[in-house]
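Structural characterization, general
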Amino acid sequence: MAEQSKVSSEVATAALKEALGDLLEFDRPLAPLTTYGTGGPARYFVSVTTADQLAGALTAASGLDLPFFVMGGGSNLLVADSGYDGLVIRVSIKGIALTGESTVETGAGEDLAALVDFATDHGLTGLEFAAGIWGTVGGAVYGNAGAYGGEIKDVIIDLTLVNRDGETRRVDPPYCRFGYRDSYLKVTGEIVVKAVFRLGRGDKQNIEAKVKEILALREKNHPIHGRSAGCFFKNIPDPKEPFGKLPAGRLLDEAGTKGLSVGGAAVFDKHANIIVNTGAATSKDIRQLADIMKKRVFEKFGVKLEEEVIQLGNF
Ligand SMILES: Cc1cc2nc3c(=O)[nH]c(=O)nc-3n(C[C@H](O)[C@H](O)[C@H](O)COP(=O)(O)OP(=O)(O)OC[C@H]3O[C@@H](n4cnc5c(N)ncnc54)[C@H](O)[C@@H]3O)c2cc1C
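Residues numbered from 1 in each chain as written. Predicted model: local features only at pLDDT ≥ 70, side-chain atom pairs only at ≥ 80, totals over all residues.

1. Overview of the nonpolar core
Core analysis: the biggest nonpolar cluster contains 93 residues, and Leu54, Ala57, Leu87 and Ile89 have the highest contact counts within it. For this core, the element with the highest residue contribution is helix H2 (residues 51-64), accounting for seven residues. The residues contacting leucine 54, other than those within four sequence positions of it, are Val48, Ile89, Val91, Ile93, Val162, Ile191 and Val193. (Core = buried A, V, L, I, M, F, W, Y, C linked by C-beta atoms within 7 Å. Buried ≥ 20, exposed ≤ 12 C-beta atoms within 10 Å, placed from the backbone. Helix = DSSP H or I, 4+ residues; strand = E, 2+ residues; numbered from the N terminus. Contact = placed C-beta atoms within 7 Å.)

2. Examining the domain arrangement of the protein chain
Accessible area lost when the parts come together is the quantity often used to give the size of an interface. For the protein chain, the domain assignment lists domain 1 (9-91), domain 2 (96-219) and domain 3 (224-312). Its C-alpha centre places domain 1 at a distance of 24 Å from the equivalent point of domain 2. Contacts between the two partners involve 14 residues from domain 1, matched on the other side by 16 residues from domain 2. The element contributing the most residues to the side of domain 1 that touches domain 2 is H2, with seven residues. Class assignment of the residues belonging to the side of domain 1 that touches domain 2 gives a composition of six nonpolar, eight polar and no charged. (Domains from an automatic or database assignment. Nonpolar A, V, L, I, M, F, W, Y, C, P; charged D, E, K, R; others polar.)

3. Here we look at the site of the ligand
Near the ligand there are 31 residues, and of these Gly72, Gly135, Gly138, Gly139 and Gly230 occur at the shortest range. Going through the elements one at a time, strand S3 (68-71), helix H4 (137-142), strand S9 (146-147) and strand S13 (191-198) are the ones with two or more residues in the shell around the ligand. Counting residues per element, the shell around the ligand draws most heavily on H4, which supplies four residues. The residue inventory of the shell around the ligand, partitioned by class, reads 16 nonpolar, 15 polar and no charged. (Near = placed C-beta within 6 Å.)

4. Considerations on the environment of glutamate 254
Tracing the sequence through the fold places glutamate 254 in helix H7 (residues 248-254). With 13 C-beta atoms packed within 10 Å, glutamate 254 lands in the partly exposed category. Considered as a pair, glutamate 254 and arginine 296 are 42 residues apart in the sequence and their alpha carbons are 9.6 Å apart.

5. Examining the pairing of strand S11 (residues 156-162)
Here is the key point about a regular strand: its side chains alternate between the two faces of the sheet. Judged from the six bridges that link them, S11 and S13 form a sheet pairing that is antiparallel. Each bridged residue has a counterpart across the sheet, and for leucine 159 the counterpart in S13 is alanine 195. Between the antiparallel neighbours S11 and strand S12 (residues 168-171) lie five residues, among them glycine 166 with a positive phi of about 85°. (Pairing = 2+ DSSP bridges.)

6. Let's talk about the sheet that holds strand S19 (residues 275-277)
Hydrogen bonds between backbone groups are what pair the strands of a sheet, and the pairing can be parallel or antiparallel. Strand order in the open sheet formed by three strands is S17-S18-S19, with antiparallel pairing between adjacent strands. Edge positions in the open sheet fall to strand S17 (261-262) and S19, since each of these has one partner strand only. Sheet analysis places strand S18 (residues 265-267) next to S19, joined by three bridges and oriented antiparallel. Paired with alanine 265 across the bridge in S19 is asparagine 277.

What follows is the structure, given as structure tokens:
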């Protein structure tokens, strides 16, 4: 069920205008802000570029008891076709800086790809695994993004968070209780403002070569140019498997999901755990296809797949 706003439209609009001024947008289409390119508008929308703006937006929404949702790059997001009846706060806090011999500080709205480039340019190793992962640093922390045996938790040393009351504080990584595509931020609802990474000094050419190797691997089995949100379902914990995870894609493949489609949504032909928007998909198409895929795997293996992609709005 989607959350319901408890305040009248007039009251919310007036209070948000007062708090956010010209930053506030109405009925902002979200589709262009997501990699799927689907879904409806946000009733209220603000893109924040500073920690103060973020705190202000959160305080305003909380004060009004207005449902809100924080997004980054929209690369792990499926927005309902009917949109979102609340405030969407897009974190666009930028900036990457070297703060020590091998420590790097970034704004939460910085692209993870830009951070990987920065590390490579400065001969810093540790983030090569993240080459080709879309989205922002904040989104990567929230879901502990990872690939090829690495996870964001391996390189984080310090985080600045803000809570729904606009209060800011610094925390150490253990606070976040990182797990597989998981963090405690999913429970607390705190938002990442800034992150500090500890990397290692490395050979620039070796780092570049590793990044290229990973991007080449991705090009083989990911829809680099297609609209997707990466893997739709989480892999299944299994100590017998490499990296301790049974790939959901393998089960989906063996359950015969490749070739399936609903409307404009299709299972990617090189990777059964990826749903692509082939052009004119709706979010409903994507959701329906995901349901069919889930059912097939459950019927064949008795395994209930869990979504990695975050859903926003009413499905
Ligand atoms: C082609 C492709 C390949 C991908 N490959 C991978 C992969 O290999 N590994 C992987 O892990 N993921 C992968 N993804 C998924 C996606 O890139 C990651 O999950 C990414 O970290 C999401 O970041 P985002 O900024 O886009 O978050 P969004 O999609 O905007 O949001 C996702 C969640 O993060 C939360 N969030 C966003 N910003 C913040 C913040 N500042 N503070 C707190 N919470 C926040 C949102 O509330 C939401 O719940 C891939 C996606 C694509 C399109």
